[in-house]
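Examination of the molecular architecture
Next come the chains, spelled out residue by residue.
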Amino acid sequence: MNSLEQRLRAIAEEFTPAVLAHSLQAEDMVLTDAIARAGLPIELFVLDTGRLHADSLSLIEKIRGHYGVEVRVYAPDASAVSEYVRRHGRDAFYGSVELRKRCCEIRKVEPLARALAGKRAWITGQRRAQAASRAKLAEREFDATHRLEKFNPLAAWTEADVWDYIRAQRVPYNRLYDQGYRSIGCAPCTRPVMPGEDLRAGRWWWEEAGPKECGLHITPDGRVVRSKEAA
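Computed from a predicted structure; not experimentally measured.

What counts and what doesn't
- Residues numbered from 1 in each chain as written.
- Predicted model: local features only at pLDDT ≥ 70, side-chain atom pairs only at ≥ 80, totals over all residues.
- Heavy atoms only, no water.
- 1 Å grid on protein atoms, 1.4 Å probe; cavity = no way out; pocket = protein on both sides within 12 Å on 5 of 7 lines; lining within 4 Å.
- Points joined across faces, edges and corners; volume = space filled by probe spheres on them.
- Pairing = 2+ DSSP bridges.
- Helix = DSSP H or I, 4+ residues; strand = E, 2+ residues; numbered from the N terminus.
- Axes fitted to C-alpha atoms, helices over the stretch in contact; angles between N-to-C directions.
- Phe/Tyr/Trp six-rings, centres within 6.5 Å; stacked < 30°, edge-to-face > 60°.
- Buried < 20%, exposed > 50% of the residue type's maximum accessible area, 1.4 Å probe, protein only.
- Lys NZ or Arg CZ within 6 Å of the ring centre and 35° of its normal.
- Core = buried A, V, L, I, M, F, W, Y, C linked by side-chain atoms within 4.5 Å.
- Contact = heavy atoms within 4.5 Å.
- Salt bridge = Lys/Arg side-chain N within 4 Å of Asp/Glu carboxyl O.
- Bend = angle between axes of the 7 residues up to and from the residue.
- Parallel < 35°, antiparallel > 145°, perpendicular 65-115°, else oblique.
- Left-handed = near helix turned anticlockwise from the far one by under 90°.
- Nonpolar A, V, L, I, M, F, W, Y, C, P; charged D, E, K, R; others polar.

Bringing empty space enclosed by the protein into the picture now. As enumerated under the stated definition, the model contains 3 cavities of 30 Å³ or more in all. The wall of the second largest cavity is formed by 13 residues, among which C103, C104, C186, C189 and W204 lie closest to the centre.

Before going further, it helps to spend a moment on the sheet that holds strand 2 (residues 42-47). One open sheet holds the 6 strands; their spatial order is 3-2-1-4-6-5, and the pairing between them is mixed. On the outer flanks of this sheet lie strand 3 (71-74) and strand 5 (140-143), each paired with one strand and no other. Within the sheet, the average angular offset between the axes of one strand and its neighbour, ignoring direction, is 30°. Relative to strand 6 (residues 148-151), strand 4 (residues 121-123) runs parallel, the two sharing 3 bridges. Bridge assignment links A121 to a residue of strand 6, and that residue is E149.

On to the pairing of strand 6. With 4 bridges joining them, strand 5 and strand 6 adopt antiparallel strand pairing. Looking across to strand 6, one finds that F142 is bridged to E149. In this antiparallel pair of consecutive strands, strand 5 and strand 6, the connection spans 4 residues, and R147 shows a positive phi of 60°.

This structure, assessed with the given rule, holds 10 aromatic pairs. On the basis of an interplanar angle of 85° and a centroid distance of 5.9 Å, the ring pair of F45 and Y74 is categorised as edge-to-face. Taken together, the residues span a long stretch of sequence, with F45 in strand 2 and Y74 in strand 3 at a distance of 29 residues. Judged by its relative accessible area of 12%, Y74 falls in the buried class. With 5.0 Å between their ring centres and 75° between their planes, W163 and Y177 make a pair best called edge-to-face. One end of the pair, W163, is in helix 6 (residues 159-169); the other, Y177, is in the segment after helix 6, with 14 residues separating them in the sequence. Its relative accessible area of 13% is what places Y177 among the buried residues. Taken together, the ring pairs in this structure connect F93, Y94, W205 and W206 into an aromatic cluster. Residue placement shows R203 over the ring face of W204; its charged tip is 5.6 Å from the ring centre.

Here we take up the nonpolar core. Counting residues in hydrophobic clusters, the biggest one holds 50 residues, and the most contacted among them are L4, L8, V30, I42, I63, I123 and I166. Discounting residues that sit within four places of it in the chain, L8 has contacts with L31, A34, I35, L40, I42, I123 and P153.

It is worth spelling out the side chain of N152 at this point. Position of N152 among the secondary structure elements: in the loop between strand 6 and helix 6. A relative accessible area of 0% means that N152 is categorised as buried. If we skip the residues at most four places from it in the chain, N152 touches T124, Q126, L137, A138, E139 and E141.

All right, on to the pattern of salt bridges then. If you walk through the whole model with that rule in mind, you get 17 salt bridges. With a shortest N-O distance of 3.8 Å, R7 and E139 are connected by a salt bridge. Within this pair, whereas R7 is found in helix 1 (residues 3-15), its partner E139 is found in the loop between strand 4 and strand 5, the two being separated by 132 residues in sequence. You can call E139 partly exposed: its relative accessible area is 32%.

The largest bend in helix 5 (residues 97-116) comes to about 45°, at E105. All buried positions along helix 5 are accounted for by R100, C103, C104, I106, R107, K108, P111, L112, A115 and L116.

Mapped onto the secondary structure, I184 falls in the segment after helix 6. Accessibility expressed as a relative area gives 3% for I184, which makes it buried. Put simply, I184 and R203 are 19 residues apart on the chain and 7.5 Å apart in space, counted from C-alpha to C-alpha. Once residues within four sequence positions are removed from consideration, I184 is found in contact with S23, Q25, H53, S56, N174, L176, Y177, T190 and R203.

Contact geometry of helix 2 (residues 26-38) with helix 6 gives a least axis separation of 9 Å together with a crossing angle of 45°. The angle between the axes of helix 2 and helix 6 places the two elements in the oblique class. Of the two elements, helix 2 crosses helix 6, and the hand of that crossing is left-handed. The residues of helix 6 that touch helix 2, namely those facing A26, E27, V30, D33, A34 and R37, are V162, W163, Y165, I166 and Q169. Class assignment for the residues of the contact of helix 2 with helix 6 results in 7 nonpolar, 1 polar and 3 charged.

Structure below.
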């Protein structure tokens, strides 16, 4: 049994019900493959923001067909989306960081709370090498916002490690990577990364350089917790 499978099995045994928050990115496809191969009772869910790329959405059906597992899909509250659009405009997030964060809150953060309700642990595909704000990412944290354990089994993996696994195991992946994307979110807020750019440079690319998060991995007081002790 490989170390990744061992970690996931330990999570499933101790913290059922546990869920994988699936971003439809390469890292979560690695986790999906390991979970499915081991037949672990870890649920998968996707936050369909209503603004995802078509290639991302098509991957949901590929996961279901390839692995024979269910993927629960959570959508934002329609009335909240409508009110945001009415007051600010459909693409108002280009106007300010505050409006962008509010859009993320409606389309991602609130649905995440519903997806995690009643769970004992959630799993993510975050890695330390993805961004400076994740440099001290722990493999296990306590999520103070949702009051449950949070695991990042790929924290120490490199981008090369992820793609070596995908190629070796012939794992399905988001075809946007073939178009130059290296970090994938909503369609309007993600672009391909140019040679020499940071891995997450394609996220919210119109904003000034610096740490950029959507709010899914932020504590109630606005911090990015990176160790169980810090929580």
